[in-house]
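Residues per chain, in single letters:
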Amino acid sequence: LTEGLRELAQEPAITTDGIEVPVYANSGLLADIQPSLQSGADGIGLYRTEVPFMIRERFPGEGEQSRIYRDVLEPFDPKPVILRTLDVGGDKALPYFPVVEDNPFLGWRGIRITLDHPEIFLTQLRAMLRASVGLSNLHIMFPMIGALSELKGALQLLQRARDELLDEGYAVDMPKVGVMVEVPSAVYLAETLARRVDFLSVGTNDLVQYLLAVDRNNPRVAALYDGMHPAVLHALKQAAEGAHRAGKSISVCGEMAADPAAVILLLGLEIDALSVSVASLARIKWVIRSFSRERAKELLDQCLTMEEPVAIRALLDNALVQAG
Ligand code: PEP
Ligand code: MG
């Protein structure tokens, strides 16, 4: 990246017709926090809490977790930080909590585990709430929600964690709460889910895997894993419309948000914010600054009529080249 691009990364990303699109950073390591701040992230759009769990030898306790979360929240306050609750299972294993299954991606993972283990979940939620005392930027997000009952269960435990802490004398505010859209059923439930929370965030890594039935980590089928698949575009459109009908914001925190061609489509879909790895931040802000939402919508409408991912990609790549 040129020096100019890096300097511009500190500035907000605004489309040529004046719409600001916050670009957040994805993270799971405390080591990412300073680089994220310095590279101009507008906040942390996804903090994967399983990472600190994975590098320990046992479940971190409430106090230990609380210190970790505080170290993420405080440097960014008042910019938003989205802490995602534990998302283990699937391809993410904890050495001290073995989950052995024939079909782990369709098995016990994410919210399914923490709802079955309220003691693990409550410890984490209490730690998050405690970490945010005196700060205003805590957002809590639930992974792998596929049904309303799961969201209700998670919200009940969050309420319980807060009530307990208030009883114990902690001045904890209710945080902003969000749901990941990464299980295909959540696409169809987007409005229902959004009505009960503050925001949605699309996890395209899992959403593409589950929509297309293509393992996100299997090289043999990697060519079939394609975010430009028309089914993915229609799913994103449905999710965005559902969130907006409920009057809520929707962001994208999967890898698609770091793909410049895909970002044109996300702008057209009126996605409210993006979250990408630090390395992609400057580039993605550049894409946002290079297009108007109107132009992005025209390109999106064209893409939505196309039937093949290669044709969609070609059209968008051409638009990127024209933008310089
Ligand atoms: C996703 O699924 O897109 C996502 C952001 O979460 P993870 O990659 O941690 O599953
Ligand atoms: Mg995911």
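Residues numbered from 1 in each chain as written. Chains lettered and ligands numbered in written order. Predicted model: local features only at pLDDT ≥ 70, side-chain atom pairs only at ≥ 80, totals over all residues.

Chemist: What is the right way to read the pairing of strand β4 (residues 138-142) from this model?
Modeler: Consecutive side chains of a regular strand alternate in pointing toward one face of the sheet and then the other. Counting buried positions along β4 yields five of five residues, so the element is predominantly enclosed. In this sheet, β4 lies alongside strand β3 (residues 81-84) in parallel orientation, the contact comprising four bridges. By the bridge assignment for β4, Leu83 is matched with Ile140. When β4 meets strand β5 (residues 176-181), the two strands line up parallel, connected through four bridges. Across the sheet, Met141 pairs through a bridge with Gly178, a residue of β5. A crossover connection joins β4 to the parallel β5 through helix α7 (residues 148-167); in handedness this β-α-β unit is right-handed. (Buried ≥ 20, exposed ≤ 12 C-beta atoms within 10 Å, placed from the backbone. Helix = DSSP H or I, 4+ residues; strand = E, 2+ residues; numbered from the N terminus. Pairing = 2+ DSSP bridges. Right-handed = clockwise from strand over helix to strand, strands pointing away.)

Chemist: I would appreciate a short explanation of unusual backbone geometry in the present structure.
Modeler: Most peptide bonds take the trans configuration, and most residues that are not glycine carry a negative phi. The omega torsion across Asp77 and Pro78 is 5°, close enough to zero to call that bond cis. Positionally, Pro78 belongs in the loop between α4 (62-76) and β3. Positive phi outside glycine occurs at Ala213, with the angle close to 55°. The exposed category is assigned to Ala213, around which 8 C-beta atoms lie within 10 Å. Located in the positive-phi region is Glu270, a residue other than glycine, with phi close to 65°. Tracing the backbone through its elements, the reader meets Glu270 in the loop between α12 (260-268) and β8 (273-276). Taking the C-beta count within 10 Å as the criterion, Glu270 has 19 such neighbours and is therefore assigned partly exposed.

Chemist: How should the site of ligand 1 be read in this particular structure?
Modeler: Taken together, Leu46, Arg48, Asp87, Glu182, Gly203, Thr204, Asn205, Asp206, Cys253 and Gly254 are the residues near ligand 1. In terms of residues, the shell around ligand 1 owes the most to one element, helix α10 (residues 204-212), which gives three residues. For the shell around ligand 1, a count of residues per class yields two nonpolar, four polar and four charged. (Near = placed C-beta within 6 Å. Nonpolar A, V, L, I, M, F, W, Y, C, P; charged D, E, K, R; others polar.)

Chemist: In this structure, what is going on with the nonpolar core? I would like to understand it.
Modeler: Side chains of a nonpolar character, in soluble globular proteins, are inclined to be buried together. Core analysis: the largest hydrophobic core is formed by 92 residues, its most contacted members being Leu200, Ala239 and Leu274. With sequence-adjacent residues up to four places away left out, Leu200 is seen in contact with Gly178, Val179, Val181, Ala190, Leu193, Ala194, Ala239, Ala243, Lys248 and Ile250. (Core = buried A, V, L, I, M, F, W, Y, C linked by C-beta atoms within 7 Å. Contact = placed C-beta atoms within 7 Å.)

Chemist: Help me understand the packing of helix α14 (residues 293-304) against helix α15 (residues 309-323), please; the structure alone is not making it clear to me.
Modeler: Axes are the key here: two packed helices are described by the angle between their axes and the distance separating the axes. It is at 10 Å that the axes of α14 and α15 come closest, and there the two elements cross at 160°. Classified by the interaxial angle, the pair formed by α14 and α15 is roughly antiparallel. α14 and α15 meet at a crossing whose hand is right-handed. Residues Leu299, Gln302 and Cys303 of α14 pack against Ile312, Leu315, Leu316 and Ala319 of α15. Its residues assigned to classes, the contact of α14 with α15 comprises six nonpolar, one polar and no charged. (Axes fitted to C-alpha atoms, helices over the stretch in contact; angles between N-to-C directions. Parallel < 35°, antiparallel > 145°, perpendicular 65-115°, else oblique. Left-handed = near helix turned anticlockwise from the far one by under 90°.)

Chemist: Help me understand the sheet that holds β5 in this model?
Modeler: The pairing of strands in a sheet comes from backbone hydrogen bonds and takes either a parallel or an antiparallel form. Judged by pairing direction, the barrel is parallel, and its eight strands sit side by side in the order β1-β2-β3-β4-β5-β6-β7-β8 before closing back on the first. Neighbour to neighbour, the strand axes of the sheet diverge by 25° on average, direction disregarded. For strand β1 (residues 23-27) and β8, the ladder comprises three bridges, and the chain directions are parallel. Note on β8: the bridge partner recorded for Ala25 is Val276.

Chemist: Can you help me understand the environment of Ala240 in this one?
Modeler: Relative to the elements of secondary structure, Ala240 occurs in helix α11 (residues 230-245). Linking Ala240 and Glu119, residues 121 residues apart in sequence, is a C-alpha distance of 34 Å. For Ala240, the contacting residues outside a window of four places in its chain are Ile250, Leu269, Glu270 and Ile271.

Chemist: What's the story with the packing of α12 against α15 in this structure? I'm lost.
Modeler: It is the contact of α12 with α15, at a shortest axis distance of 9 Å, that shows an interaxial angle of 95°. Taken together, α12 and α15 sit at an angle that is classed as roughly perpendicular. Along the contact surface, α12 presents Pro260, Ala261 and Ile264, while α15 presents Arg313, Leu316, Asp317, Ala319 and Leu320. When grouped by side-chain class, the residues that make up the contact of α12 with α15 number six nonpolar, no polar and two charged.

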